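The lines below spell out each chain.
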Amino acid sequence: MSWSSLNPNLWTRRELLRTILAGGLLVSSGISFAEWINRPTLKARTFIGQASTYSEDIRSVIISGFQELGITPSEIKGKRILLKPNLVETHQGASHINTHPLVVRGAIEAFLSFGALEVMVGEGPGHRRDTLDVIETSGLGDILYEDKIQFLNLNYESGRATPNLGNKTKLQRLTFPRVFDSVDWIVSIAKLKTHHWAGATLSMKNLFGVMPGIYYGWPKNVLHQAGITNSILDINATLQPHFAIVDGIVGMEGDGPIMGTPIHSGVLVMGRNLPAVDATCARLMKIDPHRVEYLAKASNWLGPIHEEHITQVGNPISELHKSFSLLDHIPAHQGIRLA
């Protein structure tokens, strides 16, 4: 086998075209080969921080991430920040389903310490119509009450329709909560989890929860019918979120995002570019991001997923990666294990 067959940067145009067409990526992307090959190479930086338990100083880990990623107090000062955690269901003894409340608190404290004018939390769970019950039983309600943080029930927020900039689904317009017009930063605070339909659910998939249920149904049926992968891409391309924090202190493996089992990874992953963050998370789970459909389609369009195009700061992947359980009977899990 030649070196060019192992290193995509050295492939000939013919080798590259043959490989793309064989995988169906070029056809499904809706762009010409000339447009694809002539795109500038996107690059990004991600941060991996260690936190063994939720009782550690998560605020300090997040601030370290800010500093490593070049985020300064002058960039945050006076900004209105919306944190979007991953809240799906609440079950007794299954706190690993949702973003942990203490990670949300750490993010609140980090942004406020950098001079944010206001930090609010918003979520629109796809599985439960009673959002407030999810907030209370998850433990997040106590945090928001103690810290005097406004909560926005995004499922019931009035919406504003905007042109779909992704154009991967047949949806001509996407409706986002109107309150987003007055927000400066949208931050996806996801959970490190495998997923029954998408393979992995991380910061990009987490943004399903910003789509109001009063327009998209439960569990966001309109988006599921339009196609999960392409809906993920359309939402991210149109919303253009500003930052991601992924709670991997305790993640979920197996039949996620609800029925899986907890797995301790002891990490927080952060970055400005969500595809790069999610590709880094996938590698921490020993999942190949190029075999997760929405990440493969996002590659060098919404962000980089190739390891050589992501500057990784903080703790190295090689010290912290762990094989998350993948189930043979789940089609989305088949063939995505990182070799």
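Residues numbered from 1 in each chain as written. Predicted model: local features only at pLDDT ≥ 70, side-chain atom pairs only at ≥ 80, totals over all residues. Heavy atoms only, no water.

The name an unreviewed UniProt entry assigns to the protein chain is DUF362 domain-containing protein, from the organism Candidatus Nitronereus thalassa.

*Asks:* I would appreciate a short explanation of helix α6 (residues 101-113) in the present structure.
*Replies:* An α-helix turns once per 3.6 residues; consequently, residues spaced three or four apart project the same way. Spanning 13 residues, α6 covers 18 Å between terminal C-alpha atoms, matching the ideal 18 Å at 1.5 Å per step. Pro101, Val103, Val104, Arg105, Gly106, Ala107, Ile108, Ala110 and Phe111 are the residues of α6 that are buried. One or two residues past the end of α6 sits Gly115, with phi positive at roughly 95°. (Helix = DSSP H or I, 4+ residues; strand = E, 2+ residues; numbered from the N terminus. Expected span 1.5 Å × (residues − 1). Buried < 20%, exposed > 50% of the residue type's maximum accessible area, 1.4 Å probe, protein only.)

*Asks:* Which parts of the structure should I look at to understand the environment of Gly303?
*Replies:* Along the chain, the position of Gly303 falls in the loop between α13 (293-298) and β11 (310-314). For the pair Gly303 and Val277, spaced 26 residues apart in the sequence, the C-alpha separation amounts to 9.4 Å. Contact partners of Gly303, with chain neighbours within four places excluded, come to Leu42, Asn273, Pro275 and Ala298. (Contact = heavy atoms within 4.5 Å.)

*Asks:* Explain the side chain of Thr229 here, please?
*Replies:* Note on placement: Thr229 falls in helix α11 (residues 228-239). Thr229 has contacts with Glu293, Tyr294 and Lys297, leaving out every residue within four places of it along the chain.

*Asks:* Help me understand the pairing of strand β2 (residues 80-85), please; the structure alone is not making it clear to me.
*Replies:* The side chains of a regular strand alternate between both faces of the sheet. Here β2 lies mainly inside the structure; five of its six residues are buried. Where β2 and strand β3 (residues 118-123) come together, four bridges link them in parallel fashion. Looking across to β3, one finds that Leu83 is bridged to Val121. Two elements, β2 and strand β7 (residues 185-195), share five bridges in a ladder whose sense is parallel. Bridged to Pro85 within β7 is Ile189. (Pairing = 2+ DSSP bridges.)

*Asks:* Hey, could you run me through helix α8 (residues 140-147) in this one?
*Replies:* Residues of α8 that are buried: Leu140, Gly141, Ile143 and Leu144. All buried residues of α8 fall inside an arc of 160° around its axis, so they share one side. Of the surrounding secondary structure, the elements contacted by the buried residues of α8 are β2, α6, β3, α7 (131-138) and β4 (151-153). Phi turns positive, to about 55°, at Lys148, one or two residues after α8. (Arc of directions from axis to C-beta.)

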